[in-house]
Each structure stands twice: as C-alpha cells, then as structure tokens.
Amino acid sequence: AFLQRYYSVVKSIALTNGFSISSGKTLRKLDAEELVELVEGPRSDDKLGVTRIFGRSLIDGLEGWVSLKGNQGTPFLKEIEKRFYTTVAEQPLQEAFQADGEAKLVRSLRTDEVLELVEGPRKVTFEAGLRVKGRASSDGAVGWFTAKDKNGAIFAEADSNYYSCTASVAVTDSKDIKDCKVIRKLSVGELFIVEEDPVDEPGTGITRVKGTCLQDEVTGWITLKGNAGTVFAEPSTKHFCILQETPLTQQFPTARPGDEVRKLAKGEAM
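Engineer: With reference to specific residues and values, describe the overall build of the protein chain.
Structural biologist: What the protein chain contains, in helices and strands, is zero helices and 25 strands. For a compact globule of 270 residues, the expected C-alpha radius of gyration is about 18 Å, and the protein chain comes in at 32 Å, more than 25% above that figure. Referenced to the eigenvectors of the C-alpha coordinate spread, the extents of the protein chain come out at roughly 100 × 45 × 30 Å. Across the 270 residues of the protein chain, 36% fall into the buried class.

Engineer: Before we move on, could you go through the nonpolar core and cite the residues and values that matter?
Structural biologist: Among the nonpolar cores identified, the biggest contains 14 residues, and Val-169, Leu-186, Phe-192, Val-209, Ile-222 and Leu-224 are the most heavily contacted of them. Ignoring any residue separated from it by four or fewer positions in sequence, one finds Leu-186 in contact with Cys-165, Ser-168, Val-169, Val-171, Phe-192, Cys-213 and Ile-222. Within the second largest apolar cluster, 12 residues are counted, among which are Tyr-7, Ile-13, Ile-53 and Phe-76.

Engineer: Describe the packing of aromatic side chains, listing the residues and the values that go with them.
Structural biologist: This model, assessed by the stated rule, comprises four aromatic pairs. With centroids separated by 5.0 Å and ring planes inclined at 70°, the aromatic side chains of Trp-144 and Phe-252 adopt a geometry described as edge-to-face. With Trp-144 in strand E13 (residues 142-148) and Phe-252 in the loop between strand E24 (246-249) and strand E25 (260-264), the pair connects residues that are 108 residues apart, well separated along the chain. Its relative accessible area of 45% is what places Phe-252 among the partly exposed residues. Considering the side-chain rings of Phe-145 and Phe-240, the 6.0 Å spacing of their centres and the 75° angle between planes classify their relative orientation as edge-to-face. Taken together, the residues span a long stretch of sequence, with Phe-145 in strand E13 and Phe-240 in strand E23 (residues 240-242) at a distance of 95 residues.

Engineer: Hey, could you go over the side chain of Arg-208 for me, with residue numbers and the actual values?
Structural biologist: Turning to its location among the elements, Arg-208 is positioned in strand E20 (residues 206-213). Glu-201 provides the closest opposite charge to the buried, salt-bridge-free Arg-208, at an N-O distance of 4.2 Å. In this structure the side chain of Arg-208 is engaged in a polar contact, spanning 3.0 Å, whose partner is the backbone oxygen of Lys-175. Only 3.0 Å separates the side chain of Arg-208 from the side chain of Thr-223, close enough to count as a polar contact. Not counting residues within four places of it along the chain, the set of residues in contact with Arg-208 comprises Thr-172, Ser-174, Lys-175, Ile-177, Pro-198, Val-199, Glu-201, Trp-221, Ile-222, Thr-223 and Leu-224.

Engineer: Go over the pattern of salt bridges with me, naming the residues and quoting the values.
Structural biologist: Within this structure, the stated rule accounts for 12 salt bridges. Salt-bridge contacts for Glu-34 lead to Arg-28; the nearest nitrogen and oxygen are separated by 2.5 Å. We note a salt bridge from Lys-263 to Glu-260, for which the minimum N-O separation is 3.7 Å. Residue Lys-263 is classed as partly exposed on the basis of its relative accessible area, which comes to 41%.

Engineer: So, the layout of surface pockets: which residues are in play, and what are the values?
Structural biologist: Here the largest pocket defines a volume of roughly 850 Å³. Along the wall of the largest pocket there are 22 residues; nearest its centre are Gln-91, Leu-93, Gln-94, Leu-115 and Glu-119. Looking at the lining of the largest pocket, the elements that each hand over two or more residues are strand E8 (84-86), strand E9 (91-94) and strand E11 (114-116). With four residues, E9 is the largest single contributor of residues to the lining of the largest pocket.

Engineer: Let's hear about the environment of Phe-192: which residues, and what values?
Structural biologist: As for its position among the elements, Phe-192 is in strand E18 (residues 191-194). Setting aside chain neighbours within four positions, we find Phe-192 in contact with Asn-161, Tyr-162, Tyr-163, Leu-186, Val-209, Lys-210, Gly-211, Thr-212, Cys-213, Gly-220 and Ile-222.

Engineer: An account of the side chain of Glu-113 is needed here, citing residue identities and associated values.
Structural biologist: Structurally, Glu-113 can be placed in the loop between strand E10 (105-109) and E11. A distance of 2.7 Å separates polar atoms of two side chains, one belonging to Glu-113 and the other to Arg-107. Among the polar contacts made by the side chain of Glu-113, one reaches the main-chain amide nitrogen of Arg-110 at a distance of 2.8 Å. When residues no more than four places from it in sequence are discounted, the contact partners of Glu-113 are Tyr-85, Thr-86, Thr-87, Arg-107 and Ser-108.

Engineer: Summarise a nonpolar patch on the surface; cite the residues concerned and give the values.
Structural biologist: Taken together, Phe-97, Val-124 and Phe-126 make up a surface patch of nonpolar side chains, about 240 Å² in accessible area. Secondary-structure assignment places Phe-97 in the loop between E9 and E10. Phe-97 sits in the partly exposed class, given a relative accessible area of 39%.

Engineer: Outline the pairing of strand E1 (residues 6-9), supporting the account with residue identities and numerical values.
Structural biologist: Going residue by residue along E1, you find Tyr-6 and Ser-8 tucked away on one face and Tyr-7 and Val-9 tucked away on the opposite face as well. Here four bridges tie E1 to strand E7 (residues 77-80), and the two strands are oriented antiparallel to one another. Its bridge partner being in E7, Ser-8 is matched across the sheet by Lys-78. The pairing of E1 with strand E4 (residues 35-45) spans three bridges and is antiparallel. Across the sheet, residue Ser-8 finds its bridge partner in E4, namely Leu-35.

Rules and cut-offs
- Residues numbered from 1 in each chain as written.
- Predicted model: local features only at pLDDT ≥ 70, side-chain atom pairs only at ≥ 80, totals over all residues.
- Heavy atoms only, no water.
- Helix = DSSP H or I, 4+ residues; strand = E, 2+ residues; numbered from the N terminus.
- Rg over C-alpha atoms; globule rule 2.2 N^0.38 Å.
- Buried < 20%, exposed > 50% of the residue type's maximum accessible area, 1.4 Å probe, protein only.
- Core = buried A, V, L, I, M, F, W, Y, C linked by side-chain atoms within 4.5 Å.
- Contact = heavy atoms within 4.5 Å.
- Phe/Tyr/Trp six-rings, centres within 6.5 Å; stacked < 30°, edge-to-face > 60°.
- Lys, Arg positive; Asp, Glu negative; His and termini not counted.
- Salt bridge = Lys/Arg side-chain N within 4 Å of Asp/Glu carboxyl O.
- Polar contact = N/O pair within 3.5 Å; in protein donor to acceptor, adjacent residues only side chain to side chain.
- 1 Å grid on protein atoms, 1.4 Å probe; cavity = no way out; pocket = protein on both sides within 12 Å on 5 of 7 lines; lining within 4 Å.
- Points joined across faces, edges and corners; volume = space filled by probe spheres on them.
- Patch = residues over 30% accessible without salt bridge, like charges linked within 9 Å, V, L, I, M, F, W, Y side chains within 5 Å.
- Areas by Shrake-Rupley, 256 points an atom, 1.4 Å probe, with all protein chains shown as cover.
- Pairing = 2+ DSSP bridges.

Any functional reading would require information beyond the geometric quantities listed.
Below is the structure:
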C-alpha cells in the first residue's frame, strides 16, 4: 500500500517546476509552516549535494520540486505525521472554501468529531467590520449595532439628510414664509429628515427646506438659516440610518454581543 508522507516547511523556500535547481523555474515561495504532501522522491542531486522531493502544497494544490535541506545543511522541510483535527464546537462542513455562506452545506459537524486533513489550512481574510454604539431616536434604546459586517454587507450608514434642530423653529405647511400656517414647533435636538434640496429665498437671505419630523412624521417646511444669519438646523454628523433589520446588542464584539436589546427596523435613525 502507498504510504502517505507529509512535510512541514521550516524555512521559506522556492517551489520549482523542475528537479534541477539551476534550470527550474520558481512557481512560488512556500511559507513557513505550510504543509506539503510527498508525490515523488526524495531524490538526491549529488552534484549540488541536496535532496529534493516532488510535492503538492496542501494550501492550493500546487505541485513542484523543493529541497529538504540546503547544501550547507540548512533544513527547509521536516517530515511530520499526517494531521488530524478534532472539532471543539459544532460547525458547518461545506463543499467549497468560501466562508461567506455561499458554499453548499455537506452536513453539520458535531463536537469531538475527528477530521483528516486533505487540503489547507488556508487563511480567510475578511474586511474590517464596523460596529457603532448608539441611541435609537424613536425610543431611546441604547446598544451596539453593525453598520458593516466582515463580508461587506451594509446595515447602516451615516446620512446627511438628517438635520438636527439647533434653535426652536416653526414647521410650516408651505415654502413661502409670508403665506403659510404653522403646523408645530421643532424643539432643539429634534431630528428633521430633508426630502428636497434647501432653497434660498431671493432677496431675503433665508434658506428653507422641506422634510419630515422624525418624532411624529409631520411633513412641512422649516427655516435652516434666518435673514440675520441665525442657524436653526444643521446636518447631523452623529446619525445613522438603518438600511436593513439588524440587532441592537448590549456588547461590542460581534462574536460575543451579549443580550439583544431589540431589533432595529429598516429606516430607523440612530
């Protein structure tokens, strides 16, 4: 029966397409701790005084020739026993390498199952996620929420359409400040979602904008800047708009978020 033999890379070294070091072309560098399965060899190059093997990298399946030791005795690979892994927690066994949920599920692995290493280990690199601690504008609920996850999915984003009231101002039923009715007053700190670009009224120095009060969904016009330069509302730099339902949790880490405060709904302001 064929005896499977494996090596671990001790020091980075070239994997080449030919046995001869002088004429072989480098396929790529093998990194330290990378695993190589023996396919052919070992064979000695008496002229150079090195022993080489033809092997297959378990990371990507690339095959080529590599030296076990240099001609000065520097070790590059060391022989190891075949690796097995034991699961320490339940997790999915998938058909493909992708770790973003797209790979088809073979089955769920139970704790303490034994797995024979066939390929890998291969590193998975994720984008940095973005977590934000905030307060819900609707009910004051406080907690952490995910703005962007490690796969790049966007759950919330800063929204320049949110204006925060800096001085009490009237919400009116029309743009014309001389011919309008007051619907209600907007209090300092209240949020107003603009629906159209701000409009400068000619010859008055007044800037008006149409939008909706977040607190009670009343729609109307407010003055952003008065004729004396007073600013009544300005774009908020602290508010996020929830783009898709996501949990509001007690703790920061995604892996250990603590208890869920509640679900944040699409369209909520934080």
